[in-house]
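Observations on chain architecture
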Amino acid sequence: MGEIIEELRAALHSIWQRRWLALAVAWGVCLLGWLVIALIPNSYEAKASIYVDVDDVLSEQMGISNDGQEEIQRVRQTLVSAVNLRKVISSTELGKEITSDKEMQAAIEDLRPDVEVRSEQDSLFSIVATIGEGNLSDAENALVARNVVQKLLDIFREEHIVGNRAGISQGVAELNEQLEERKVELEAAEERRLAFEAQYPELVGGSETLSTKIQQARTELREIEADLAAAQSALGAINGQISTTPRTIVGGPNASGPEAALAQAQTQLATLRARGLKDSHPDIAAATRQIELLQRQVAASDGNAGGTTNPAYSSLIAIRADRQAAVESAQARRAAVQSQIASLMASQASEPAVAAEANRISRDYEVLRKNYEDLLQDREDLRTRGDVEDQTSQFRFTVTDPPVVPQKPIAPNRPLLLLGILFIGAAAGAGAAWGMGQLRSGFATPQKLERALDLPVIGSISLNRSTIDQALEKRRLKQFAGACAGLVGVFLILLVIEMISVASVA
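Treat the numbers as computed from the prediction; the structure is a model and nothing was measured. (Residues numbered from 1 in each chain as written. Predicted model: local features only at pLDDT ≥ 70, side-chain atom pairs only at ≥ 80, totals over all residues. Heavy atoms only, no water.)

Our focus in this paragraph is the overall build of the chain. In terms of helices and strands, the chain carries 15 helices and six strands. Within the chain, the fraction of its 506 residues that count as buried is 30%. Long-range contacts, defined as pairs at least 24 residues apart, comprise 83% of the intrachain contacts of the chain with a sequence gap of at least 6. In the form shown here, the chain has an accessible surface area of approximately 30,900 Å², with 55% of it arising from carbon and sulfur atoms. (Helix = DSSP H or I, 4+ residues; strand = E, 2+ residues; numbered from the N terminus. Buried < 20%, exposed > 50% of the residue type's maximum accessible area, 1.4 Å probe, protein only. Contact = heavy atoms within 4.5 Å. Areas by Shrake-Rupley, 256 points an atom, 1.4 Å probe, with all protein chains shown as cover.)

Below is the structure:
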């Protein structure tokens, strides 16, 4: 430990002995470093924060809101492309002195690392631009930084809207081409189907359709037989009612014939007896003979010799006619369906090759028709999506933090760099003085001399300065202190200048 302290004392003594050299080196390094720092242009950072709302109710109802994050990610990735950076440079002060493509490419490569798209959340991100051009003033650099971010923000909007429209237009054009091809194929298939159906009408739809028709005909036959049984049962019931219902009714204001006369005579006889006349009375005897005569006439007419027509009988006859017609209609339908079933089964059994061809034609036509309808639906959905995006832009942009002209530079940190150069200059001066001391053949302490020669040192003689030398040494010390203070003063002046320049930009 003692040796280390001794070496440190020796180094300090060597530096102090050559302090003017150390101060000169410190001045040179500081002035050179501070000049380099002064030549570094200030960099200004502008920033804009954007919130993108991808949850659109109308788009969700249309079924087109699932690709919002992918679309925003695509725009973000292509925002700093060469094409977009070219637009930014051309519209700002950065492209003012560019006259050739080579210069433009160099400007694009210089600007690319200075522009960044930062993702803060899923739907929130920021556009950051850092501008520090040496040929521009601080105020111009700050303004250009704001303009670069604003232009990138405009490009973001334009790329989203125009990109969506271009993609939708291209998709519609491709669907139109596919629809034309499917239309030609569908028309050819329809012609083949119509020609086959004209030749084999019973095989319309293929053998599967033929089997379905047979099954449907059998089901219809069962329903007709059930209807026929019900109609026959109803007809038998109405016939039973007709057999027990008389055709005419005796009496009534319009009654005529033997039965009506018999009923009148019996009424008169009852009236006479009600008056108290006996059977021997001539009126009673005449009424009795008249009644006997009328009874013989009624018996001879077999009950159809008079009376009023029975309305119930007439109604039953009309009902029987309707039910008889229903039975005959059901029988005719059953015969037609039975004939149809027989014809379909004969076609299915006698022409298997034709049935297979019918299956192929029907299947091809159905597949082509379904594909064509699906393409039509896709095209309408795509057009509807384009209309929705044109009217609602599908995603809503909100600039939560618009770009503004920055008031303070983000880089370089000049006060810290100035202070660092001051320490580096002091360290360089001390190192130069110490190195010079190492080159000189001298010993700062008796102990160092003793170790170097490996001989005992009896003693050391101190330097005894005269009064004139002491005054001169004091004056030199004052001059050295003034030079050191001047170096620190220059550092402080540079700090003040830096603060004033930043304040002037603000």
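Anyway, onward from the coordinates.
This paragraph deals with the nonpolar core. Core analysis: the largest hydrophobic core is formed by 27 residues, its most contacted members being Leu 111 and Val 148. Contributing elements (two or more residues each) for this core: strand E1 (44-53), helix H5 (82-91), helix H6 (101-111), strand E3 (124-131) and helix H7 (138-199). No other element matches the eight residues that H7 contributes to this core. Those residues in contact with Val 148 that lie beyond four places of it in its chain are Val 88, Thr 92, Leu 94, Val 115, Ala 129 and Ile 131. Judged by nonpolar contacts, the second largest core, of ten residues, contains Ala 26, Trp 34, Leu 418 and Phe 491. (Core = buried A, V, L, I, M, F, W, Y, C linked by side-chain atoms within 4.5 Å.)

Cis geometry is found at the peptide bond from Ala 411 to Pro 412, where omega equals -5°. Structurally, the position occupied by Pro 412 is in the loop between strand E6 (396-401) and helix H13 (414-439).

What follows is about the packing of aromatic side chains. Taken as a whole and judged by the stated rule, the model has three aromatic pairs. Between the aromatic rings of Trp 16 and Phe 480, the centroid separation amounts to 5.9 Å while the plane-to-plane angle is 80°, which identifies the pairing as edge-to-face. Here the residue Trp 16 occupies a position in helix H1 (residues 2-17), and Phe 480 occupies one in helix H15 (residues 467-505), the gap between them amounting to 464 residues. On the accessibility criterion, Trp 16 (38% relative accessible area) is partly exposed. Taken together, a centroid distance of 5.6 Å and an interplanar angle of 85° make the contact between Trp 20 and Phe 480 edge-to-face. Here Phe 480 lies in helix H15 and Trp 20 lies in helix H2 (residues 19-39), a separation of 460 residues in the sequence. (Phe/Tyr/Trp six-rings, centres within 6.5 Å; stacked < 30°, edge-to-face > 60°.)

A word on the packing of H5 against H6. At a minimum axis separation of 10 Å, H5 and H6 run at an interaxial angle of 105°. The orientation of H5 relative to H6 falls into the category roughly perpendicular. Counting all contacts with H5, which are made through Ala 82, Leu 85, Arg 86, Val 88, Ile 89 and Ser 90, the residues of H6 involved are Asp 101, Met 104, Gln 105, Ala 107, Ile 108 and Leu 111. Here the contact of H5 with H6 is composed, by residue class, of eight nonpolar, two polar and two charged. (Axes fitted to C-alpha atoms, helices over the stretch in contact; angles between N-to-C directions. Parallel < 35°, antiparallel > 145°, perpendicular 65-115°, else oblique. Nonpolar A, V, L, I, M, F, W, Y, C, P; charged D, E, K, R; others polar.)

Moving on, we come to the side chain of Arg 414. Note on placement: Arg 414 falls in helix H13. At 2.5 Å, the side chain of Arg 414 forms a polar contact with the backbone oxygen of Ile 37. In contact with Arg 414, other than residues within four places in its own chain, are Ile 37, Ala 38, Ile 40, Pro 41, Asn 42 and Glu 498. (Polar contact = N/O pair within 3.5 Å; in protein donor to acceptor, adjacent residues only side chain to side chain.)

Moving on, we get to H2. Compared with the 30 Å implied by 1.5 Å per residue over 21 residues, the 30 Å span of H2 between its first and last C-alpha is a close match. Inspection of H2 places Arg 19, Ala 22, Leu 23, Ala 26, Cys 30, Gly 33, Trp 34 and Ile 37 among the buried residues, and these make up the whole buried set. Within H2, the buried residues cover an arc of 110° as seen down the axis, which keeps them to one side. Residues of H2 that are exposed and point over 90 degrees away from its buried face: Leu 32 and Leu 39. (Expected span 1.5 Å × (residues − 1). Arc of directions from axis to C-beta.)

Another aspect to go through is the pattern of salt bridges. When charged atoms on two side chains of opposite charge get close, those side chains can pair. Considering all chains together, one arrives at eight salt bridges under this definition. Taking the shortest distance from any N to any O, the salt bridge between Arg 118 and Glu 116 comes out at 3.2 Å. We classify Arg 118 as partly exposed; its relative accessible area is 31%. Between Arg 369 and Glu 373 there is a salt bridge whose closest N-O contact spans 3.0 Å. Of the two residues, Arg 369 and Glu 373 are both situated in helix H12 (residues 352-392); the distance of four residues between them amounts to about one turn of the helix. (Salt bridge = Lys/Arg side-chain N within 4 Å of Asp/Glu carboxyl O.)

Quick look at the environment of Ala 483 now. Relative to the helices and strands, Ala 483 is located in helix H15. Considered as a pair, Ala 483 and Leu 23 are 460 residues apart in the sequence and their alpha carbons are 7.7 Å apart. Apart from residues no more than four positions distant in its own chain, Ala 483 is found in contact with Leu 23 and Trp 27.

Counted residue by residue, E3 has seven buried out of eight residues, so it is predominantly covered. Strand direction decides the pairing type here: strand E2 (residues 115-119) and E3, joined by five bridges, are antiparallel. Bridge pairing in E3 links Ser 119 to Phe 125. (Pairing = 2+ DSSP bridges.)

Helical periodicity: at 3.6 residues per turn, an α-helix aligns residues three or four positions apart in one direction. Buried within H5 we find Asn 84, Leu 85, Val 88 and Ile 89. Mapping the buried residues of H5 onto a view down its axis gives an arc of 140°, with all of them on the same face. Away from its buried face, by an angle of more than 90 degrees, H5 presents the exposed residues Val 83 and Ser 90.

A low pLDDT means the predicted coordinates there should not be read in detail. Counting all residues, the mean pLDDT for the chain is 78, and 76% of those residues have values of 70 or more. Confidence, read as mean pLDDT per element, is least for helix H3 (residues 57-62) in the chain (41) and greatest for H2 (93). In this model, residues 56-68 is a region of pLDDT below 50 whose contacts with residues beyond four sequence positions or in other chains number 22 contacts. In this model residues 390-394 is a low-confidence stretch, pLDDT under 50, and it forms 16 contacts with partners more than four residues away in sequence or in other chains. (pLDDT = per-residue confidence, 0-100.)

The subject of this paragraph is the packing of H2 against H13. Two packed helices can be described by the angle between their axes and the distance between those axes. Where H2 meets H13, the axes come as close as 7 Å, and the angle between the chain directions of the two elements is 150°. What the angle tells us is that H2 and H13 run roughly antiparallel. The handedness of the crossing between H2 and H13 is right-handed. For the contact of H2 with H13, a count of residues per class yields 20 nonpolar, three polar and one charged. (Left-handed = near helix turned anticlockwise from the far one by under 90°.)

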